[in-house]
Amino acid sequence: MLQWLVHFLLLFCSFQNLGYFVASQSNQEDNTSLSEPLIAQKVETTQTQLGRATLLSKLTFSWVNSLLRLGYSKLLALEDIPFLLPEDEANLAYQAFMHAWEPLVRDNSNNNNKNSVLWSVARTFSKENILIAFYALLRSICMIISPLILYAFVNYTNNTEADLIEGFSILGFMVLSKVVESLCQRHYSFGSRRSGMKIRSALMVAVYQKLLKLSSSARTRHSTGEVMNYIAVDAYRLGEFPLWFHITWTSAVQLVLSIIILFSVVGAGALPGLVPLLICGLLNVPFAQIIHNCQSQFMMAQDERLRSTSEILNSMKIIKLQSWEDKFKNIVLSLRAKEFKWLTKVQIIKANGAFLYWMNPTIVPTVVFLGCALFKSAPLNAGTIFTVITTLRIMGEPVRMIPEALSIMIQVKVSFDRLNTFLLDEELSSINGYGRNIKQSSVNAVEIQEGNFIWDHESVSPTLREVKLEIKWGQKIAVCGPVGAGKSSLLYAVLGEIPKISGTVSY
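Residues numbered from 1 in each chain as written. Predicted model: local features only at pLDDT ≥ 70, side-chain atom pairs only at ≥ 80, totals over all residues. Heavy atoms only, no water.

**Student:** Could you give an account of the overall build of the chain, with specific residues and numbers?
**Tutor:** Along the chain, the regular secondary structure elements total 15 helices and 3 strands. Every one of the 507 residues in the chain was classed for burial, and the buried ones make up 38%. If you sum the accessible surface of the chain, you get close to 29800 Å²; carbon and sulfur atoms cover 64% of it. (Helix = DSSP H or I, 4+ residues; strand = E, 2+ residues; numbered from the N terminus. Buried < 20%, exposed > 50% of the residue type's maximum accessible area, 1.4 Å probe, protein only. Areas by Shrake-Rupley, 256 points an atom, 1.4 Å probe, with all protein chains shown as cover.)

Okay, structure coming up:
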């Protein structure tokens, strides 16, 4: 009877996971209609029911049932999608990020080794990730105790005298562990994705706001293609950071606890099984260093290709006029080949690491059973065999996930460094020293007194010298002069986009 109940519970959990998968797939198909443009249409939507959900509704995710039911009955339109909660909006996430960013930048002005973006993200989103970490730890504990419950269940079935209270107690613990594991898995995944969405939104807004304030010299260091990469690649990758961060440390915890259970069950026979794991762990250190270097080189090559492509597109008229298409096509292809070289190297190293870790679930059980036979540390009965196999199956998930998680974390570190370099670059207000006095009652709309401006600080002579300019309100001004006389530089000086050596500028 107990075995039938166990099979029924496992079948129920499988159908539950299948239901979540089908629901997610149907949502992905329905989202294709959201990309259609909305022209002259007033959209009225309500806020998501998560903000009004009760504790039981949040625990079981029943607050999303109304949306799933509506999506099952018809294709979802834009007005059917509820608004986010206020704490999930991009503006609030950006304000919280900047609240942590500004003090860090002031304190770390003399210490360039500290990544301000990383610490700002940690300070801003640490509270919610502590709760996510609790769910992840509870899930790991429930997974780890399942072999012990199975060991007790097998020993109970081998007893000649059956105690129903003991049997139902074991069954109750098994049911409770699976229910808690399932709930923690859902909340841990949902919380990680939700936190990652806020991190990605905050960083995208921060990149956009920084782009509006970049100095002219800083703009030369960050092309349009690079800025697109900051938003489309780096910010998106950091949105995956909470999920993979928790996967990394929970995988390590599961691995350590699984090893402890193996020693408690088979004793010294588990020692030979640790040899393959130790070898793979040692081999992963040089692999991680090589992947980090290759990933950095790959991003640099990608930025170079996007910068060249942007310049080519901006000068397409001249290229077509001079019939230089093949020449510039070869340039782009050569840059693409350089990018592809680093990408190929990264994927080959990942494949070697994955091959080693996928072989472990086959090699380790064989070595463990061989160790039990040699050391005679535990009898090879049904309880020992089922417990060892279940424990090694649980070890299989962290063993397979650790290489991928480490690879993702390396990419996250590269993205953190890139965004930190961009967000700490020079701004117009920090280097130009323009005094902007907007006064409607002033006689002059624009006024420059004894202005000296320079594009390159390493240059000997300034670009514009002793500029004196007064433009009254309502005047129409034309700037004339030969090529190279400084017409564009004068306009940039009025806009405040060229560094000022001395003088005053007011408007």
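**Student:** Hey, could you go over the packing of aromatic side chains for me, with residue numbers and the actual values?
**Tutor:** Applying the stated criterion across every chain, the model contains 9 aromatic pairs. With a centroid separation of 5.5 Å and 90 degrees between ring planes, the pair formed by Phe 241 and Phe 416 is classed as edge-to-face. Separated by 175 residues along the polypeptide, Phe 241 in helix α9 (residues 241-266) and Phe 416 in helix α13 (residues 382-423) bring together distant segments of the chain. Summarising the aromatic geometry, the rings of Trp 324 and Phe 328 are spaced 6.3 Å apart at their centres and angled 40 degrees between planes, so their arrangement reads as tilted. Looking at Trp 324, the relative accessible area reads 39%, which means it is partly exposed. In this structure Phe 328 comes out as partly exposed when scored by relative accessible area, which is 24%. Taken together, the ring pairs connect Phe 61, Trp 63 and Phe 190 into an aromatic cluster. (Phe/Tyr/Trp six-rings, centres within 6.5 Å; stacked < 30°, edge-to-face > 60°.)

**Student:** Any chance you could break down the packing of helix α5 (residues 116-158) against α9 for me, citing the residues and the numbers?
**Tutor:** Geometrically, a packed helix pair is captured by the angle between its two axes and the distance between the axes. Here α5 crosses α9 at 30 degrees, and the two axes come no closer than 10 Å. Taken together, the axes of α5 and α9 are roughly parallel relative to one another. Relative to α9, the crossing made by α5 is right-handed. Contacts between α5 and α9 pair Asn 129, Ile 132, Ala 133, Ala 136, Leu 137, Arg 139, Ser 140, Met 143, Ile 144 and Leu 148 from the former with Pro 242, His 246, Trp 249, Thr 250, Val 253, Gln 254, Leu 257, Ser 258 and Ile 261 from the latter. Class assignment of the residues belonging to the contact of α5 with α9 gives a composition of 12 nonpolar, 6 polar and 1 charged. (Axes fitted to C-alpha atoms, helices over the stretch in contact; angles between N-to-C directions. Parallel < 35°, antiparallel > 145°, perpendicular 65-115°, else oblique. Left-handed = near helix turned anticlockwise from the far one by under 90°. Contact = heavy atoms within 4.5 Å. Nonpolar A, V, L, I, M, F, W, Y, C, P; charged D, E, K, R; others polar.)

**Student:** Give a detailed account of unusual backbone geometry, specifying residues and quantitative values.
**Tutor:** Notably, Ser 323 is not glycine yet its phi reads approximately 60 degrees, a positive angle. Positionally, Ser 323 belongs in the loop between α11 (316-322) and α12 (325-375). Given the relative accessible area of 56%, Ser 323 is considered exposed. A positive phi angle, near 50 degrees, is found at Glu 450, a position not held by glycine.

**Student:** Could you give me a rundown of the packing of α5 against helix α6 (residues 164-213), with the residues and numbers involved?
**Tutor:** Where α5 contacts α6, the axes come no closer than 8 Å and their chain directions differ by 160 degrees. Classified by the angle between their axes, α5 and α6 sit roughly antiparallel to one another. Considering only the axes of α5 and α6, their crossing is left-handed. Across the contact of α5 with α6, the residue classes break down as 23 nonpolar, 8 polar and 5 charged.

**Student:** Kindly report on the sheet that holds strand β3 (residues 500-506), identifying the contributing residues and their values.
**Tutor:** In space, the 3 strands of this open sheet follow the order β2-β1-β3, with antiparallel pairing throughout. Edge positions in the sheet fall to β2 (464-472) and β3, since each has one partner strand and no second. Adjacent strand axes in the sheet meet at a mean angle of 5 degrees, parallel and antiparallel pairs treated alike. Where strand β1 (residues 444-453) and β2 come together, 6 bridges link them in antiparallel fashion. Following the sheet pairing, Phe 453 is matched in β2 by Leu 464. (Pairing = 2+ DSSP bridges.)

**Student:** Account for α13, with residues named and values stated.
**Tutor:** Every α-helix winds through 3.6 residues per turn, so residues three or four apart in the chain are directed the same way. Across its 42 residues, α13 extends 60 Å between first and last C-alpha, which sits within 8% of the 62 Å expected from 1.5 Å per residue. Approximately 35 degrees is the largest bend angle found in α13, and it occurs at Ile 402, with the proline Pro 403 only one to four residues beyond. (Expected span 1.5 Å × (residues − 1). Bend = angle between axes of the 7 residues up to and from the residue.)

**Student:** Tell me about the nonpolar core, and please be specific about residues and values.
**Tutor:** Ranked by size, the top nonpolar core spans 34 residues in total, and within it Phe 97 and Leu 203 carry the most contacts. Of all the secondary-structure elements, those providing two or more residues to this core are α4 (90-107), α5, α6, α8 (224-239), α9 and α13. In terms of residue count, the dominant contributor to this core is α13 (8 residues). Once residues lying within four places of it in the same chain are set aside, the contact partners of Phe 97 are Val 117, Ser 120, Val 121, Thr 124, Ala 202, Leu 203, Ala 206 and Leu 423. Among the nonpolar cores identified, the runner-up in size contains 19 residues, and Leu 255, Ala 270, Leu 277 and Val 364 belong to it. (Core = buried A, V, L, I, M, F, W, Y, C linked by side-chain atoms within 4.5 Å.)

**Student:** Which residues make up the environment of Glu 166, and what values do they have?
**Tutor:** Take Glu 166: it is sitting in helix α6. Glu 166 sits 13 residues away from Phe 153 along the chain, and the two C-alpha atoms are 9.4 Å apart.

**Student:** Please provide a residue-by-residue account of the side chain of Arg 305, values included.
**Tutor:** In this structure, Arg 305 sits in helix α10 (residues 271-314). Of note is the side chain of Arg 305, whose polar atom sits 2.5 Å from the side chain of Glu 339. (Polar contact = N/O pair within 3.5 Å; in protein donor to acceptor, adjacent residues only side chain to side chain.)

**Student:** Give a detailed account of the pattern of salt bridges, specifying residues and quantitative values.
**Tutor:** Considering all chains together, one arrives at 14 salt bridges under this definition. Where Arg 194 meets Glu 87, a salt bridge forms, and the shortest distance between an N and an O atom there is 3.7 Å. Placement of Arg 194 in helix α6 and of Glu 87 in the loop between α3 (65-73) and α4 is noted, with a sequence separation of 107 residues between them. Taking the relative accessible area as the measure of exposure, Glu 87 reaches 40% and is therefore partly exposed. Among the ionic pairs, Lys 320 bridges to Glu 325, the shortest N-O distance being 3.4 Å. By relative accessible area, which is 30% here, Glu 325 ends up partly exposed. Through salt bridges with shared partners, one network takes in Glu 87, Asp 88, Glu 128, Arg 194 and Lys 198. (Salt bridge = Lys/Arg side-chain N within 4 Å of Asp/Glu carboxyl O.)

**Student:** How would you summarise the pairing of β1 if you had to cite specific residues and measurements?
**Tutor:** For β1, a buried count of 7 out of 10 residues is recorded, marking the element as mostly surrounded by other parts of the structure. The pairing of β1 with β3 spans 5 bridges and is classified as antiparallel. Residue pairing across strands places Gln 449 opposite Thr 504, the latter belonging to β3.

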